[in-house]
Amino acid sequence: MPHPKTERTLIIIKPDGVQRSLIGEIIRRFERVGLKLCAIKMVTPDEKFVEAHYTLDPDWRRITGEKRIQKARERGEEPPSQDPYEITAVILENLKKYLTAGPVIAMAWQGAHAVELIRKLVGSTEPRSSDVGTIRGDYVLDSYNMADDDGRAIRNLIHASGSVKEAEAELKHWFLPEEIHKYSLVQEKILYDVNFDGRKE
Ligand code: GDP
Ligand code: MG
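Residues numbered from 1 in each chain as written. Chains lettered and ligands numbered in written order. Predicted model: local features only at pLDDT ≥ 70, side-chain atom pairs only at ≥ 80, totals over all residues. Heavy atoms only, no water.

Colleague: What is the right way to read helix 2 (residues 23-32) from this model?
Modeller: An α-helix turns once per 3.6 residues; consequently, residues spaced three or four apart project the same way. Restricting attention to buried positions, one finds in helix 2 the residues Glu 25, Ile 26, Ile 27, Arg 29 and Phe 30. Summarising the contacts, the buried residues of helix 2 are in contact with strand 1 (8-13), strand 2 (36-43), strand 3 (104-110), helix 6 (114-122), helix 7 (135-139) and strand 4 (158-160). Phi for Gly 34, located one or two positions after helix 2, is positive at around 115 degrees. (Buried < 20%, exposed > 50% of the residue type's maximum accessible area, 1.4 Å probe, protein only. Helix = DSSP H or I, 4+ residues; strand = E, 2+ residues; numbered from the N terminus. Contact = heavy atoms within 4.5 Å.)

Colleague: What is the right way to look at the pattern of salt bridges in this model?
Modeller: Side-chain pairs of opposite charge can arise whenever the charged atoms involved come near each other. Tallying each qualifying case throughout the model produces 16 salt bridges. Between Asp 193 and Lys 189 there is a salt bridge whose closest N-O contact spans 2.8 Å. What emerges from the salt-bridge pattern is a single network uniting Glu 25, Arg 28, Arg 29 and Asp 138. (Salt bridge = Lys/Arg side-chain N within 4 Å of Asp/Glu carboxyl O.)

Colleague: What's the story with the side chain of Glu 126 in this structure? I'm lost.
Modeller: Mapped onto the elements, Glu 126 comes out in the loop between helix 6 and helix 7. By relative accessible area, which is 1% here, Glu 126 ends up buried. Among the polar contacts listed, one links the side chain of Glu 126 to the side chain of Ser 129, at a separation of 2.7 Å. Excluding residues that lie within four positions of it along the chain, Glu 126 makes contacts with Lys 71, Arg 75, Asp 142, Ser 143, Tyr 144 and Ile 154. (Polar contact = N/O pair within 3.5 Å; in protein donor to acceptor, adjacent residues only side chain to side chain.)

Colleague: How should I be thinking about the site of ligand 1 in this particular structure?
Modeller: Around ligand 1 sit 18 residues in total, of which Arg 68, Thr 125, Asp 148, Ile 154 and Asn 156 are the nearest. One of the side-chain N or O atoms of Arg 68 is found 3.3 Å from an oxygen atom in ligand 1. For ligand 1, the accessible surface in isolation is 540 Å², of which the surrounding protein chains cover 96%. Among the elements of the structure, helix 4 (60-75), helix 5 (84-99) and helix 8 (144-149) are those that each provide at least two residues to the shell around ligand 1. Considering each element in turn, the shell around ligand 1 owes the most residues, four residues, to helix 4. A breakdown of the residues in the shell around ligand 1 according to their chemical character gives eight nonpolar, three polar and seven charged. (Near = heavy atom within 4 Å. Areas by Shrake-Rupley, 256 points an atom, 1.4 Å probe, with all protein chains shown as cover. Nonpolar A, V, L, I, M, F, W, Y, C, P; charged D, E, K, R; others polar.)

Right under this line is the structure:
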């Protein structure tokens with residue numbers, strides 16, 4: 001098993017995050033928890049690239065549609081369809097428009113439990129129900145209903161890989177191996193080093 005500190009995840013600051021000048025704020029939140037930035041670039045993706053990104057996981061269409069149906073059920077509302085694939089077909093078209101609406105920031109972040117930790121800091125998919133203190137909960141107010149009624153993707157500022165497997169595939173999609181840097185941060189001494197001794201001068 002590799003050490004947990006080697007885990008990496010992909011973050012995309014979506015066009016709304018860039019437009020709202022939240023790049024620094026988002027980076028700050030990942031830095032302050034102790035994660036290490038290993039790759040960063042600004043890209044304006046095309047629709048083909050966006051579709052390929054979301055369909056890297058063959059189960060993404062089913063899971064995303066089911067998540068939407070589940071959320072509607074919890075609220076006692078009607079989902080847009082009972083067929084998860086039908087729901088995701090619409091979402092994917094809207095996502096292509098959303099993610100190509102302007103430049104995005106692609107980043108690789110590394111550190112212990114990076115995937116899980118970043119999902120926690122980012123908050124749940126729908127900003128309306130994201131917890132206070134998460135990035136989506138603190139900086140945006142969009143909802144499934146409003147986005148679906150208006151025929152667009154939920155604007156939630158960020159993409160973050162949902163699992164370690166997803167992260168590995170997504171990092172390959174966005175970065176060449178040489179664009180991901182290996183180095184150590186001074187603070188890793190206190191975060192991970194078993195022999196840390198702060199008494200030595
Ligand atoms: P994430 O992993 O939290 O980003 O969520 P998903 O992977 O399930 O969905 C990808 C993106 O599609 C989300 O971040 C939203 O921007 C958008 N999206 C997902 N589900 C819905 C939905 O039911 N309606 C709308 N309008 N957009 C959605
Ligand atoms: Mg996802």
